[in-house]
Amino acid sequence: MTLSTMLSTMGVGMLRTFAVFSLTLLGSLPLGMIVALLKKSRFAPVRLFISGYISIIRGTPLMLQLLVWYFGPFYLFGMNIGNWRFPALIFGFVVNYAAYFAEIYRGGIESIPVGQYEAAEVLGYTHTQTFMRIILPQVVKRIMPSVTNEVITLVKDTSLAFTLAYQEVFSLAKQISASQTSFMPFLIAGIFYFVANYVVEFAMQRIEKWMDYYK
Amino acid sequence: MILEMKNIQKHFGDHEVLRDISLSVDKGEVVSVIGPSGSGKSTLLRCATFLETIDGGEISYMGNCAVKTKPDGEVSYVDAKDLRRFRNYYELVFQQFNLFPHYSILKNLTDAPIHVQGRSKEQAEQTAMELLDKMGIADKAEAYPYQLSGGQQQRVAIARALAMDPEILFFDEPTSALDPELTGEVLKVIRQLAESHMTMVVVTHEMPFAKAVSNRVIFMADGVIVEQGDPEQVFDNPQEERTKQFLRVFER
Ligand SMILES: Nc1ncnc2c1ncn2[C@@H]1O[C@H](COP(=O)(O)OP(=O)(O)O)[C@@H](O)[C@H]1O
Ligand SMILES: [Mg+2]
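The present account deals with the structure reproduced in this document. All residue numbers refer to position in the chain's written sequence, counted from 1. Key to labels: chains lettered from A, ligands numbered from 1, both in the order written. pLDDT decides what is reported in this predicted model: residues at 70 or higher carry local features, side-chain atom pairs at 80 or more are listed and counted, and totals for whole chains, interfaces and linings draw on all residues regardless. Water and hydrogen atoms play no part in the side-chain values, which are based on all heavy atoms of the structure.

**So, the packing of aromatic side chains**
Aromatic pairing here means that ring centres of Phe, Tyr or Trp (its six-membered ring) are within 6.5 Å. Orientation follows from the plane angle: under 30 degrees is stacked, over 60 is edge-to-face, and everything else is tilted. Within this structure, the stated rule accounts for 27 aromatic pairs over all chains. Summarising the aromatic geometry, the rings of Tyr70 of chain A and Phe71 of chain A are spaced 4.8 Å apart at their centres and angled 65 degrees between planes, so their arrangement reads as edge-to-face. Note on classification: 1.4 Å probe, protein chains only; a residue is buried when its accessible area is under 20% of the maximum for its type, exposed when over 50%, partly exposed between these limits. Judged by its relative accessible area of 38%, Phe71 of chain A falls in the partly exposed class. Centre to centre, the rings of Phe86 of chain A and Tyr166 of chain A are 5.4 Å apart; their planes meet at 35 degrees, and the pair counts as tilted. Note that Phe86 of chain A is positioned in helix α4 (residues 85–110) and Tyr166 of chain A in the loop between α6 (127–157) and α7 (169–180), a separation of 80 residues in sequence. Judged by relative accessible area, Phe86 of chain A falls into the partly exposed class, the value being 30%. Members of the aromatic cluster, joined through ring pairs, are Phe50, Tyr61, Tyr77, Phe86, Tyr89, Tyr90 and Phe170 of chain B. Taking the ring centre of Tyr214 of chain A as reference, the NZ or CZ of Lys141 of chain A above it sits at 4.7 Å. If you follow Arg160 of chain B out to its NZ or CZ, it ends over the ring of Phe100 of chain B, 4.6 Å from the centre. Each helix is a run of DSSP H or I of at least 4 residues and each strand a run of E of at least 2, with the numbering of both proceeding from the N terminus. Whether a charge sits over a ring comes down to the Lys NZ or Arg CZ being within 6 Å of the ring centre and within 35 degrees of the ring normal.

Below, the structure written as structure tokens:
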């Protein structure tokens, strides 16, 4: 196998890795906010459910969660869903990362001084306006470093997709390395993750800088 | 009558913080509230501005009742939507300013007029610039709160309140968080407002200021109004032993 065929085969894997990465963010960033808000719900059962969900997600390995999402429908409910591999993978990642983002959001929301809410209330803002105009922008700035950490972890976690035999860059590297008795695929995969994280860090730093216009 | 509070009661747990306090404020009146810390002054303002709910009594603005207590002791507020209408009548200036740090000074002054009161951007900005000019900080319009001194931030907070064109303005120790050399610039602004007959209730520890600007002084202790009257009367000729005792501390 020439280097260029190796690269093009692994390039497909890189695209798949990128698909898992971006779909996970797209789903979990907003879902995390919904979870964070539900955790402050007035209804005790809702709060209890959310707390349970967060502790289960944080208390079990993502790899196990992925297997449950993939095999669960069949073993638990006897359902046979066609083309379930990729959806199961994305559900697993989104539901997992939403729990972590929810905790970050919650910490951020709770760090905003109560005086901000009171000033907004006296000025006559509605609850929604207060959240969207006054609280959320300040929360976003405060949680940026923690979100960056989580996104970098996600870049590396995408390799767990191999659990469901999804052919992303890490799985392909293992296969090609075994069949070609070559160390090269691992090197390529390593460079790929490293560069991906470099890009993430660079992008997040730009965003943080852009939000540095106030303190 | 702009504000009428009748027989207000408020407790936190079994700690009675306000016991049967009544306070009315007429248009153009400047009322100072003085008293030892913990006597319930902030709580009184927070009840008047609906940041705290009362446990008994009645509050009306401009003759409209916002909360009343039925004979059986049940306290009933108007619903949330109507309560927001009442918020148009008053504004509150906090000890800690509570400016919005992510908004420029100009936006701090225009955001609520535009998004709460539905004014046009041009009109809101024009009003804001006039107010900043009056406060002597028109050159800071594009700055952010963290770039301003405490005294300037508090003047912005006052301007933000005035931008809403309230009937009455409450101040909760507006200079207590400031370095001593910065209190003067804030007191001067409040004094100008008093001269232009803005209706105000000012909780303060600045006795000479209270004496100079107010039409009426209220001395509170332990959740009750111990004494009230003209500034000359309360400061120079207090009737109650508790008042004399409190004022003696400030004479030194
Ligand atoms: N949210 C609260 N929970 C419990 N106690 C409170 C609360 N707010 C104020 N208090 C108590 O009520 C009393 C009056 O407080 P406050 O109105 O702040 O007094 P002042 O402004 O005159 O110093 C104090 O004893 C204070 O500890
Ligand atoms: Mg106080």
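So that's the structure; there's more coming.
**Some words on the side chain of Asp111 of chain B**
Within the secondary structure, Asp111 of chain B sits in helix α3 (residues 105–115). Judged by its relative accessible area of 1%, Asp111 of chain B is buried. Two residues qualify as a contact provided that any one of their heavy atoms is within 4.5 Å of a heavy atom in the partner residue. Beyond its immediate stretch of four places on either side in the chain, Asp111 of chain B contacts Tyr125 and Arg133 of chain A together with Tyr103 and Val116 of chain B.

**Re the side chain of Glu29 of chain B**
Examined against the element boundaries, Glu29 of chain B turns out to sit in the loop between β2 (15–25) and β3 (30–34). Leave out the neighbours within four places in its chain, and Glu29 of chain B touches Ser24, Met198, Thr199, Met200, Asn215 and Arg216 of chain B.

**With respect to the pattern of salt bridges**
Any two side chains of opposite charge can pair, so long as their charged atoms come close to each other. Here a salt bridge means any side-chain nitrogen of Lys or Arg lying within 4 Å of a carboxyl oxygen belonging to Asp or Glu. Applying the stated criterion across every chain, the model contains 21 salt bridges over all chains. The salt bridge involving Glu110 of chain A is made with Lys40 of chain A; its shortest N-O contact spans 3.6 Å. Here Lys40 of chain A lies in the loop between α1 (3–38) and α2 (44–59) and Glu110 of chain A lies in helix α4, a separation of 70 residues in the sequence. Looking at Glu110 of chain A, the relative accessible area reads 46%, which means it is partly exposed. For Lys40 of chain A, a relative accessible area of 43% translates into the label partly exposed. Its salt-bridge partner being Glu52 of chain B, residue Lys10 of chain B comes within 3.9 Å of it at the nearest N-O pair. One end of the pair, Lys10 of chain B, is in strand β1 (residues 3–12); the other, Glu52 of chain B, is in the loop between α1 (41–48) and β4 (56–61), with 42 residues separating them in the sequence. Considered together, Lys10 of chain B and Glu52 of chain B belong to a single accessibility category, that of buried residues.

**Some remarks on the nonpolar core**
Among buried residues, those of type Ala, Val, Leu, Ile, Met, Phe, Trp, Tyr and Cys that are joined through side-chain atoms within 4.5 Å constitute a nonpolar core. By size, the foremost hydrophobic cluster in this structure holds 99 residues, and its most contacted members are Phe93 of chain A together with Met5, Phe50, Ile59, Tyr61, Ile168 and Phe170 of chain B. Among the elements that take part in this core, α4 of chain A stands out by supplying 14 residues, more than any other. When neighbours within four sequence positions are excluded, Tyr61 of chain B is seen to be in contact with Ile2, Leu3, Ala48, Thr49, Phe50, Phe86, Tyr89, Tyr90, Ile168 and Phe170 of chain B. Judged by nonpolar contacts, the second largest core, of 37 residues, contains Met135, Ala163, Leu182 and Phe209 of chain B.

Coordinates in, geometry out; function isn't part of it.
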